[in-house]
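# Structure at a glance
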Amino acid sequence: LGLRFERVIVKNNNSKDNDDDEIFEVWLEDVECYAVHDLKQWEEEEKKEGESASSLLGYFFLDIFPRDGKYSHQCVYPLRPSYVTVGNDTNDGDSSADSHRVLPACVNIGNLSRGTDGKPSMLRFREVETFFHEF
């Protein structure tokens, strides 16, 4: 796919360390968040220390375990579109100073088998096929 997925540590509202550009709250403890990077660009950035995260393409959430009241089948929904905010014009006519790109986010919602007794789940073939279809 040419992508790299890095799990994002989700912070809660009580966290004192709010220096990150993106802080995510999730609707349930089981939900996971991943940053999606362009693999080739990410590898080039890794060779250079101190580079910005220009390889970051967006965010991907996984909500894959069943629960009461949850949508009953596998699907993907957009959570936030990608867009560029319009900056305020300065006296010199440069409006790009306050403009920035907001990255997209989506969620893969499913009802896959949950592991039990500390053992991982053994997914049925149809579950794997459906997950990758939605992915």
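Residues numbered from 1 in each chain as written. Predicted model: local features only at pLDDT ≥ 70, side-chain atom pairs only at ≥ 80, totals over all residues. Heavy atoms only, no water.

Scanning all chains against the criterion turns up seven salt bridges. Between Glu 6 and Arg 4 there is a salt bridge whose closest N-O contact spans 3.5 Å. Ionic pairing is found between Arg 126 and Glu 129, a salt bridge with its closest N-O pair at 2.7 Å. In this pair, Arg 126 and Glu 129 are both assigned in helix α2 (residues 125–134), three residues apart and thus about one turn of the helix distant. On the basis of relative accessibility, which here comes to 55%, the residue Arg 126 falls in the exposed class. The network of salt bridges with common partners includes Asp 63, Arg 67 and Lys 70. (Salt bridge = Lys/Arg side-chain N within 4 Å of Asp/Glu carboxyl O. Helix = DSSP H or I, 4+ residues; strand = E, 2+ residues; numbered from the N terminus. Buried < 20%, exposed > 50% of the residue type's maximum accessible area, 1.4 Å probe, protein only.)

Its identity is not glycine, yet Asp 117 carries a phi of approximately 50°, on the positive side. Mapped onto the secondary structure, Asp 117 falls in the loop between β7 (105–109) and α2. On the basis of relative accessibility, which here comes to 75%, the residue Asp 117 falls in the exposed class.

Now for the environment of Ala 105. Within the secondary structure, Ala 105 is located in strand β7. Residue classification places Ala 105 among the buried residues on the basis of a relative accessible area of 8%. A C-alpha to C-alpha distance of 9.3 Å links Ala 105 and Leu 57, two positions 48 residues apart in sequence. Not counting residues within four places of it along the chain, the set of residues in contact with Ala 105 comprises Tyr 59, Phe 61, Pro 78, Leu 79 and Arg 80. (Contact = heavy atoms within 4.5 Å.)

Relative to the assigned elements, Val 102 resides in strand β6 (residues 101–102). A relative accessible area of 10% means that Val 102 is categorised as buried. In this structure, the C-alpha to C-alpha distance between Val 102 and Thr 85, residues 17 residues apart in sequence, is 7.3 Å.

Moving on: the side chain of His 37. One can find His 37 in strand β2 (residues 32–38). Exposure remark for His 37: the relative accessible area of 7% places this residue in the buried category. Here the side chain of His 37 touches Glu 6 through a polar contact of 3.0 Å, side chain to side chain. The contacts of His 37, once residues within four sequence positions are left out, are Gly 2, Leu 3, Arg 4, Glu 6, Trp 42, Ser 55, Leu 56 and Leu 57. (Polar contact = N/O pair within 3.5 Å; in protein donor to acceptor, adjacent residues only side chain to side chain.)

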